Amino acid sequence: MSGLMRGANVALTKEIPGLRTLVVGTAWDAGGEHALDDNLVLAAILCGPDGRATSAEDFVFFQQVVSSDLSVAAVDAALGDDTEQLEIDLDQVPAAVERIVVVLYLSEGGPRRRTLGQLRRCVVRVLDGATGAGIVTSEDLAPGFGPETAVVLGEVYRHRGGWKFKVVGQGYAAGIVGVAEQYGLPL
Amino acid sequence: MSTASTLLRGAPDTAPVRDDLGFLRRRARPRAVAVPEAPAPAAAPDLPVAAPSLALDLAPPAGATPPARPGRTPLPPLLRGLPGVGQGERRLLSADAPVVQLTRVQTGVGGLRGELHTAVDASVVVAYELADRTQGVVRDSQPYGPDDRRPVVHLAGPRFTVDLRQARALRRFVVVVRPADPAGPAVEGVLVLTTTGSSRLEIPLDPSDAGRTGAAADRTSTVALTGHLVRGALVLRAEHARQVRPLRDALAAYGYRGLSWRDADTVLAG
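The rules behind the values
- Residues numbered from 1 in each chain as written.
- Chains lettered and ligands numbered in written order.
- Predicted model: local features only at pLDDT ≥ 70, side-chain atom pairs only at ≥ 80, totals over all residues.
- Heavy atoms only, no water.
- Pairing = 2+ DSSP bridges.
- Helix = DSSP H or I, 4+ residues; strand = E, 2+ residues; numbered from the N terminus.
- Core = buried A, V, L, I, M, F, W, Y, C linked by side-chain atoms within 4.5 Å.
- Buried < 20%, exposed > 50% of the residue type's maximum accessible area, 1.4 Å probe, protein only.
- Contact = heavy atoms within 4.5 Å.
- Buried area = accessible area lost by both parts, 1.4 Å probe.
- Salt bridge = Lys/Arg side-chain N within 4 Å of Asp/Glu carboxyl O.
- Polar contact = N/O pair within 3.5 Å; in protein donor to acceptor, adjacent residues only side chain to side chain.
- Nonpolar A, V, L, I, M, F, W, Y, C, P; charged D, E, K, R; others polar.
- 1 Å grid on protein atoms, 1.4 Å probe; cavity = no way out; pocket = protein on both sides within 12 Å on 5 of 7 lines; lining within 4 Å.
- Points joined across faces, edges and corners; volume = space filled by probe spheres on them.

1. Examining the sheet that holds strand β11 (residues 162–172) of chain A
Residues and elements named next belong to chain A. On the basis of which strands lie adjacent, the open sheet formed by six strands has the order β1-β11-β10-β7-β3-β4 and antiparallel pairing. Every interior strand has two partners, whereas the edge strands, β1 (9–11) and β4 (59–60), have only one. Relative to β4, strand β3 (residues 40–47) is paired through two bridges, and the arrangement is antiparallel. Looking at the pairing, Ile45 lines up with Phe59 of β4.

2. Details of the nonpolar core
Counting residues in hydrophobic clusters, the biggest one holds 40 residues, and the most contacted among them are Ile88, Ile100, Leu119, Leu153, Val156 and Phe165 of chain A. With near-sequence residues (within four places) excluded, Phe165 of chain A lies in contact with Ala8, Asn9, Val10, Leu12, Val124, Val126, Val136, Gly154, Glu155, Val156 and Tyr157 of chain A. By size, the runner-up hydrophobic cluster in this structure holds 33 residues, among which are Phe160, Val187, Leu193 and Leu205 of chain B.

3. Re the interface of chain B and chain A
With 49 residues of chain B at the contact, the number on the chain A side is 51 residues. Buried surface at the junction of chain B and chain A, summed over both partners, amounts to about 3900 Å²; 54% is from carbon and sulfur atoms. At the junction of chain B and chain A, the tally comes to four salt bridges. The shortest N-O distance in the salt bridge between Asp38 of chain A and Arg149 of chain B comes to 3.2 Å. At the junction of chain B and chain A, the tally comes to 10 residue pairs in polar contact (both at pLDDT 80 or more). Secondary-structure elements contributing two or more residues to the side of chain B that touches chain A are α1 (3–10), α2 (22–25), α3 (104–108), β3 (111–118) and β8 (159–163) of chain B. Ranked by the residues each element gives to the side of chain B that touches chain A, the list is headed by α3 of chain B, at five residues. Broken down by class, the residue content of the side of chain B that touches chain A amounts to 20 nonpolar, 15 polar and 14 charged.

4. Notes on empty space enclosed by the protein
A complete count under the given rule lists four cavities of 30 Å³ or more for this structure. Contributing to the lining of the largest cavity are His34, Ala35, Asp38, Asn39, Gly110, Pro111 and Arg112 of chain A together with Arg149, Arg150, Pro151 and Asp163 of chain B. Taken together, the residues of the lining of the largest cavity sort by class into three nonpolar, three polar and five charged. Quantified by volume, the second largest cavity comes out at close to 60 Å³. Taken together, Ala35, Asn39, Leu106, Ser107, Glu108, Gly109, Gly110, Arg112, Arg113 and Arg114 of chain A make up the lining of the second largest cavity.

Below, the structure written as structure tokens:
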């Protein structure tokens, strides 16, 4: 089954007018490489209209599991087909937040170096948090990866009073440091 | 409120079973980061003034956090009064200003890397305690802790790395520098710490006898650095402490008493 391609978007709240809670999940196949599997991290960056992070407190990941406004949270144990998930309460997202950038990165603190190019499969998908029904799944992004150690999987963003989701699939050879620089996240 | 709890309570008894919603009934809610206590070193007679501020005050400041959303708990505020370090900033952790508190982002991204710079033959020893209270030591002959499959701390000569992807599994650590010559003086040099965001913390190692404790017959260890995970953030402290005593006693003075020793200077390999 082919999924939503890089650059394509879907009008979430137009498709599902009552949509209140999103689950953004990712599933990957590391091919048994535990050093790759163990160190992949799903994260969200809450960004303002200028495309920059609103604050360091609004980088949501395993060590900071909820944004300061409680609108975005990392789910402890992703279930279903996903490896990791984030939950976004759309009504609680502050007006100052224009987009929520969903990032997958390799945390490079261990002795073994890996890259996203070693992934055999990687998809991002969006679910309706209230019903669990899948809304959209991306194409397999893994064939586009090489030496990168971070990738912006997608963005949830405001559009004409509603919310849209776009598959991005942009890799960063500089890893999470490159992503942080792009979005003004202080490390 | 959203997802499972709302869904299950709101579902009429007569509603048909939805096989596709199985994962929602098992969804784990987000948890706040574990809040370990900040254990003070058991023997630290020369603790600088900053040390008392490490004591936990779990009460959030009034009005500092938004109202709790059911199912989501605001993270506890970080310790107040401790300096942070900016991205790319260079900071000397002197005896007068020995403490830095990283942000949760700095605490969880990549690795915290340390390197001993010295002109003398010396070694680095890192003792650690995990969140489950198990303790261990990494050293030249045992460079991975707790194991080489997925080490939380690993050592390579004068360099060590704390894997911050596993920050939630770590409770605290201490870095000790020892001269190769048992009769030699304390090591002179600098221990340099680097974060993923290129913040650089420098801890000068002073070979003088200031802060020296123990019997003159024993090798001089320098307890250079301690790190504690407090409310999800790493608090780093330059200890500037000389311990003229066996490694076993030097580590015990900092609360590392859960180790087994082959002799007073050699930890039993785990």
